[in-house]
Amino acid sequence: MSVALYPTIGLAPTQTNWMVRRFTLAEYHTLIDVGVLKPGDPYELLNGVIKFKMPQNTPHASTSSKLEKRLWKMLPEELLLRTQKPITISSQDSEPEPDLAIVLGPDTRYDDNQPTPRDVLLIVEVSDSSFEEDRGEKLQSYAAARIPCYWIVNLRAHIIEVYTLPRGGRNPTYRSRVDFTAGTAVPVVIAGKTLGTIPTSEILP
Amino acid sequence: MNRTIRSTARTLKPSKTANDGLPVIKRFTVEEYHRMGEIGLLSEADRCELLRGLIMEKAVINPSHRYGLQQTTDLLTEIIPKPYRIVSQGPITLSDSEPEPDLAVWIGPVQRYRARHARASEIVLLMEVSDSSIVYDRGEKLQIYAEAKIPVYWIVNLQERIVEVYTLPRGGRNPTYRSRIDFAAGMAVPVVVAGNTLGTISVDEILP
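Quick caveat: nothing in here was measured; it's all calculated off a predicted structure.

Undergrad: Residue-level account of the sheet that holds strand β3 (residues 85-88) of chain B, with values.
TA: Residue and element names in this part refer to chain B. Taken in spatial order, the six strands of this open sheet run β3-β5-β7-β8-β9-β10, and their pairing is mixed. Looking at strand neighbours, the two that pair on one side only are β3 and β10 (176-184), the edges of this open sheet. Each adjacent strand pair in this sheet contributes to an overall mean axis angle of 20°, direction not counted. In terms of strand pairing, strand β8 (residues 152-157) meets strand β9 (residues 162-170) through six bridges, oriented antiparallel. Considered in β9, the bridge of Asn-157 is made with Ile-162. Relative to the sheet, helix α2 (residues 63-79) contacts β3, β5 (103-106), β7 (123-130) and β8, its axis offset from that of β3 by approximately 170°. Across the sheet, helix α4 (residues 140-147) touches β7, β8, β9 and β10, and the angle it forms with β10 is around 120°.

Here's what the structure looks like:
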């Protein structure tokens with residue numbers, strides 16, 4: 001009896017994903033254009049599956065905004081910081097909306113198209129309830145898209161995990177992970193240059 | 001032989017968050033699902049059905065599945081008079097689902113269904129031919145059909161070589177059928193439509 005072939009729909013979505021009809025990026029955009037999905041709806045496309053984004057709880061929102069302020073201060077003129085905005089990854093039918101992303105400027109660059117992985121220098125996910133996905137499917141997705149640097153601000157463990165050296169292939173991952181705990185400072189490295197450091201105590205609740 | 005079954009299905013009420021806190025998949029309404037068909041985003045080639053708001057891909061039909069379905073369709077056509085209609089793999093429109101059961105007996109006349117599919121109250125019998133999908137057909141599908149108060153639900157169980165006949169649907173929190181009767185090889189399944197036994201079908205003729 002093949003239970004795995006027909007899992008109950010109520011199970012964790014990762015176990016049912018392959019049974020669910022997946023959407024291409026173009027189909028996803030059509031759904032937005034015709035109004036089945038409304039702009040601003042809390043959804044994102046991950047590997048062809050339209051997923052519900054968890055609403056931000058208080059620590060999540062607060063951490064996100066603290067980090068946003070500090071990153072803005074460090075950014076040179078030619079870079080932009082975007083919050084909860086889509087990044088189009090056409091190679092994998094994904095359009096995630098990370099909490100924060102540092103992308104190439106100028107801001108008119110994205111008048112007609114969302115940033116693609118080539119435009120992205122750093123992605124940050126503030127992670128509490130979404131932790132399994134941020135470390136699982138999202139990490140894989142960002143590594144496969146060769147996003148050079150990925151931070152998980154881990155609100156459960158009170159650390160900031162910094163992933164670098166993306167590797168594609170069958171099991172995409174980051175070859176380096178450095179955890180910054182309480183009392184340390186995270187260097188903000190963009191394209192090989194250190195723009196500054198952020199003490200974890202200023203970010204983590 | 002007549003025994004009450006325990007529901008093995010989980011509650012599938014549309015929910016935005018799973019118990020484990022993982023982000024869950026966007027669920028669509030029946031209207032949104034129809035819209036996707038109208039604009040050509042979903043076509044017949046997709047072989048999908050809407051279950052509890054999720055668009056699920058259907059399994060490929062293997063020869064024994066097709067055989068069981070074809071035999072039952074032929075035999076039921078001889079027994080069930082007009083204005084009932086036997087519809088193979090046609091969609092039916094329920095509150096948060098639009099499944100495509102292998103076979104359904106719709107209340108006629110057929111002109112009613114020019115511009116829409118049958119709704120729950122217009123269906124007197126449903127059948128799924130079940131091979132690898134048995135867990136699903138006895139689980140989610142059974143729950144959806146019981147909740148819609150489909151009076152009779154057959155599962156042609158190819159693995160165990162029986163025909164399971166479910167009756168007395170019960171809604172509520174854990175929808176299920178209060179009666180299940182299994183018919184094995186050598187037995188005859190009564191064809192009951194709207195409370196009347198119209199004839200019987202032999203299990204041996206259905207199973208490949």
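Undergrad: Residue-level account of α2(B), with values.
TA: Residue and element names in this part refer to chain B. Here α2 contains 17 residues, and its C-alpha end-to-end distance of 24 Å stays within 8% of the 24 Å for a straight helix at 1.5 Å per residue. Those residues of α2 that fall on the buried side of the exposure criterion are His-65, Gly-68, Leu-69, Thr-72 and Leu-76. The arc that holds the buried residues of α2, viewed along the axis, is 95°, so those residues lie on one side. Across α2 from its buried face, at more than 90 degrees, point the exposed residues Pro-63, Thr-77 and Glu-78.

What counts and how
- Residues numbered from 1 in each chain as written.
- Chains lettered and ligands numbered in written order.
- Predicted model: local features only at pLDDT ≥ 70, side-chain atom pairs only at ≥ 80, totals over all residues.
- Pairing = 2+ DSSP bridges.
- Helix = DSSP H or I, 4+ residues; strand = E, 2+ residues; numbered from the N terminus.
- Axes fitted to C-alpha atoms, helices over the stretch in contact; angles between N-to-C directions.
- Contact = placed C-beta atoms within 7 Å.
- Expected span 1.5 Å × (residues − 1).
- Buried ≥ 20, exposed ≤ 12 C-beta atoms within 10 Å, placed from the backbone.
- Arc of directions from axis to C-beta.

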